[in-house]
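Coordinates in review
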Amino acid sequence: MGMLNLPGFLSCGKKKKDFSLSSEKDAHASDSDENLERGNWSNKADYLLSMVGYAVGLGNVWRFPYLTYQNGGGAFLIPYTLMLALAGLPLFFMECSLGQFASLGPISVWRILPLFQGVGVTMVIISTFVAIYYNVIIAYALYYLFASFQKVLPWSDCFSWADEFCSKTRLISDCNATLNGEIIHANYSFITSNNLTCINDTINYKPVQFPSEQYWNKVALQRSSGLDETGNIVWYLALCLLLSWMIVAAALFKGIKSSGKVVYFTALFPYVILLILLVRGATLEGALDGIEYYIGKESNITKLMEAEVWKDAATQIFYSLSVAWGGLVALSSYNKFHNNCYSDAIFVCVTNCLTSVFAGFAIFSVLGHMAFVLERPVSEVVDSGFDLAFVAYPEALSKLPVSPLWSFLFFFMLLLLGLDSQFATIETLTTTIQDIYPQMMKKLRIPITLGVCILLFFLGLICVTQAGIYWVNLIDHFCAGWGILIAAVLEIIGIVYIYGGNRFIEDIEMMIGKKSCFFWMWWRMCWFFLTPVLLVAILVWSLVTFSTPTYGSVLYPAWGTAVGWCMIIFCVIWIPIVAVVKICKAEGNICQRIVSCCRPTANWGPYLECHRGERYSHVVNPQKEKEHEIPTVSAFTYFRE
């Protein structure tokens, strides 16, 4: 198709009077925007805070500190920083640049390489799965937030819901003692009744559970015995889930124009709370023990010889930065064309990692105090994931004076950390719809956003049944794992080796200005070799070390694991499907068709005509899809329904 000289085509924020397309603006757009069709961020702070909110999430609080103490304390920061430089930052910069250059979402941006457009579909579907269960975790935080509005925290003691195994302290079962010059082994009741003393290192304790653990399982979740026992919908969790979706819908009703203002609070206030918790924790007895356990009196450098440590560092960086989810492309697509996406990527990545380290001090100072009060080693009160957020830390907070206040602050922080990540995830979905149906989104943005939230609410109800926590864990185990790795590997291979890494660098220089060869030396090393090798290594390692998913000591049934595999297959199957459809719709013999699909479409390039220069002077109107772009809609139809 030749170049189309449309008299009414967009020209950098100005519309001509005879504009041939719809003259209505999207809710994203305002008169001051550079791109009047899609809209732009109101200012750079909106964008940066949205990106920070998207990248900084619950994993920064409940996974990074645990990995640090488990993998050599402060020594873990060495592989963590290296993986940031080698894997996290290169992919982050690439995705930000890609979205900003084309001003398109994660599916439409694959005009750059039509054969790989299924990668974008995979990203969007995985983001949908994640959005479903992530809002359930936000619902948990809401429930605990409301439960904190009591004079006595309901998990501070073994109340009516507890069983015989509930205890605030360790209970001695039996031990060795000296009686009439002989060493005997007896139960603890005999020892105490005869005024004997247990010999050190011979004490056995009864299996007990903290009140917070039983409250989490018996009251908050009403947890069933396994995935086989679905049980009923836990009504108060369902209401919290509904409330969380209402908050998300309200924040996104005008797209980035409204969410960009909400993140001033949701992205910044968690840092205030973290600082308050750190200051309070640092003043508690035993806090130093917790911090030393986190970082280590002497970092265990020998841990760096273990492959598992490097794998943990790479996966933590990879997932905490939210690369290959589609969100970075979607959020960056609303930037102005000449925004410095390079400095933005550096700022967001460094902020994300420093937040993880900072959060570790706040968490472990309080856990150290808990260990001091219970006269236990710190290792026995530390956990990760759900157990850290909803068992160990709440238990520690219940030991503090004015515990409801500290509990409220902690769960309010979790709520905010979850919400701004969720905002970006849903914006990824709505951006995808906008790119496919731009005219419809202009007129129906609010109903469509509301409809997406309602649909995902109903899909998430399975996760607030009595077996809900098993579903949350299952989706997280499969969808947020290999699917993202596969998408990331194909993304970097497609852009660097097929589209052309040097060509992509020239695209970036159109936005941020010409840079020296020395400037690009590091990025070329990463994009052409180091990053793809690391990603493939992580993917292979994950597949080789695969184990059947479990939740605590509960094993998943075979059909549950099969469902997990079906979910991941459903996510990635679109990559070959879309590739085959593209090849079938192309012209020529099979080789010519493949070559054609490995070239950018005729409408690939900067969205606005004034930004194209000589390199993209041939580009047609992005609103006029070529025929072989139509499968984008077809691939998305199943997902949309």
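What counts and what doesn't
- Residues numbered from 1 in each chain as written.
- Predicted model: local features only at pLDDT ≥ 70, side-chain atom pairs only at ≥ 80, totals over all residues.
- Heavy atoms only, no water.
- Helix = DSSP H or I, 4+ residues; strand = E, 2+ residues; numbered from the N terminus.
- Rg over C-alpha atoms; globule rule 2.2 N^0.38 Å.
- Buried < 20%, exposed > 50% of the residue type's maximum accessible area, 1.4 Å probe, protein only.
- Contact = heavy atoms within 4.5 Å.
- Areas by Shrake-Rupley, 256 points an atom, 1.4 Å probe, with all protein chains shown as cover.
- Core = buried A, V, L, I, M, F, W, Y, C linked by side-chain atoms within 4.5 Å.
- Axes fitted to C-alpha atoms, helices over the stretch in contact; angles between N-to-C directions.
- Parallel < 35°, antiparallel > 145°, perpendicular 65-115°, else oblique.
- Left-handed = near helix turned anticlockwise from the far one by under 90°.
- Nonpolar A, V, L, I, M, F, W, Y, C, P; charged D, E, K, R; others polar.
- Phe/Tyr/Trp six-rings, centres within 6.5 Å; stacked < 30°, edge-to-face > 60°.
- Lys NZ or Arg CZ within 6 Å of the ring centre and 35° of its normal.
- UniProt positions renumbered as here; feature names shortened; annotations may be inferred.
- Pairing = 2+ DSSP bridges.
- Expected span 1.5 Å × (residues − 1).
- Disulfide = S-S within 2.5 Å.

Counting secondary structure elements, the protein chain contains 24 helices and five strands. Rg of the C-alpha trace for the protein chain: 27 Å, near the compact-globule value of 26 Å for 641 residues, within the 12% margin. In terms of its C-alpha atoms, the protein chain occupies a principal-axis envelope of roughly 105 × 50 × 45 Å. Here the protein chain, with 641 residues, has 58% of them falling under the buried criterion. For the protein chain, contacts bridging at least 24 residues in sequence account for 80% of all contacts bridging at least 6. Carbon and sulfur atoms make up 63% of the accessible area of the protein chain, which totals about 25300 Å².

Judged by nonpolar contacts, the single largest core of 210 residues is most densely connected at F92, Y140, W216, F386 and W527. Other than its neighbours up to four places away in sequence, F386 contacts W62, I137, Y140, W216, V391, I469, V472 and Y551. Listed in part, the six residues of the second largest apolar core include C175, I191, L196 and C198.

The description of two helices packed together rests on the angle between their axes and the distance between the axes. The interhelical angle for the contact between helix α7 (residues 211-220) and helix α15 (residues 385-397), taken along N-to-C directions, is 135°, at an axis separation of 8 Å. Overall, the two elements α7 and α15 adopt an arrangement that is oblique. Both α7 and α15 take part in a crossing whose hand is right-handed. On the side of α7, the interface is formed by P211, S212, E213 and W216, while α15 contributes F386, D387, F390, V391 and E395. Class assignment of the residues belonging to the contact of α7 with α15 gives a composition of five nonpolar, one polar and three charged.

The subject of this paragraph is the packing of aromatic side chains. Within this structure, the stated rule accounts for 66 aromatic pairs. A centroid spacing of 6.1 Å and a plane angle of 80° characterise the contact between F570 and W574, whose relative ring orientation is edge-to-face. Of note, K515 hangs over the ring of F519, and the distance from its end group to the ring centre comes to 5.6 Å.

This part covers the environment of A313. Relative to the helices and strands, A313 is located in helix α12 (residues 307-320). For A313 and L67, which are 246 residues apart along the polypeptide, the C-alpha to C-alpha distance reads 8.2 Å. In contact with A313, not counting residues within four places along its chain, are F76, P79, Y80 and M83.

Mapped onto the present numbering, the UniProt feature "binding site: Na(+) 1" (unreviewed entry) falls on G53, A55, V56, N60, L417, D420 and S421. Spatial clustering of the annotated residues is evident: they stretch over 369 residues in sequence, but the largest pairwise C-alpha distance comes to 13.6 Å. Relative to the elements of secondary structure, A55 occurs in helix α1 (residues 44-55). Filtering out sequence-adjacent residues up to four positions away, A55 remains in contact with N60, S320, L321, S322, V348 and N352. Assignment of secondary structure puts L417 in helix α16 (residues 403-436). What L417 contacts, discounting residues up to four positions off in sequence, is G53, V56, G57, L58, V61, Y134 and P270.

On to the pairing of strand β1 (residues 172-179), then. Relative to strand β3 (residues 204-205), β1 runs antiparallel, the two being bridged by two bridges. Paired with I172 across the two strands is Y205, which belongs to β3. By the bridge criterion, six bridges tie β1 to strand β2 (residues 182-187) in an arrangement that is antiparallel. Directly across from C175, in β2, lies its bridge partner A186.

This part covers α15. Over its 13 residues, α15 extends 17 Å from the first C-alpha to the last, a length consistent with the 18 Å expected when each residue adds 1.5 Å. Among the 13 residues that make up α15, twelve are buried, leaving the element largely enclosed by the rest of the structure. Those residues of α15 that sit buried are G385, F386, L388, A389, F390, V391, A392, Y393, P394, E395, A396 and L397.

Our next topic: the environment of Q592. Within the secondary structure layout, Q592 lies in helix α23 (residues 590-597). In sequence terms Q592 and F337 are 255 residues apart; their C-alpha atoms lie 34 Å from each other.

A few words now on the state of the cysteines. Applying the stated rule across the entire model yields two disulfides. One disulfide bridge connects C158 with C166, the sulfur atoms lying 2.0 Å from each other. Its torsion about the S-S bond being -85°, the disulfide of C158 and C166 is classed as left-handed. On the basis of relative accessible area, C166 is assigned to the buried category, the value being 11%.

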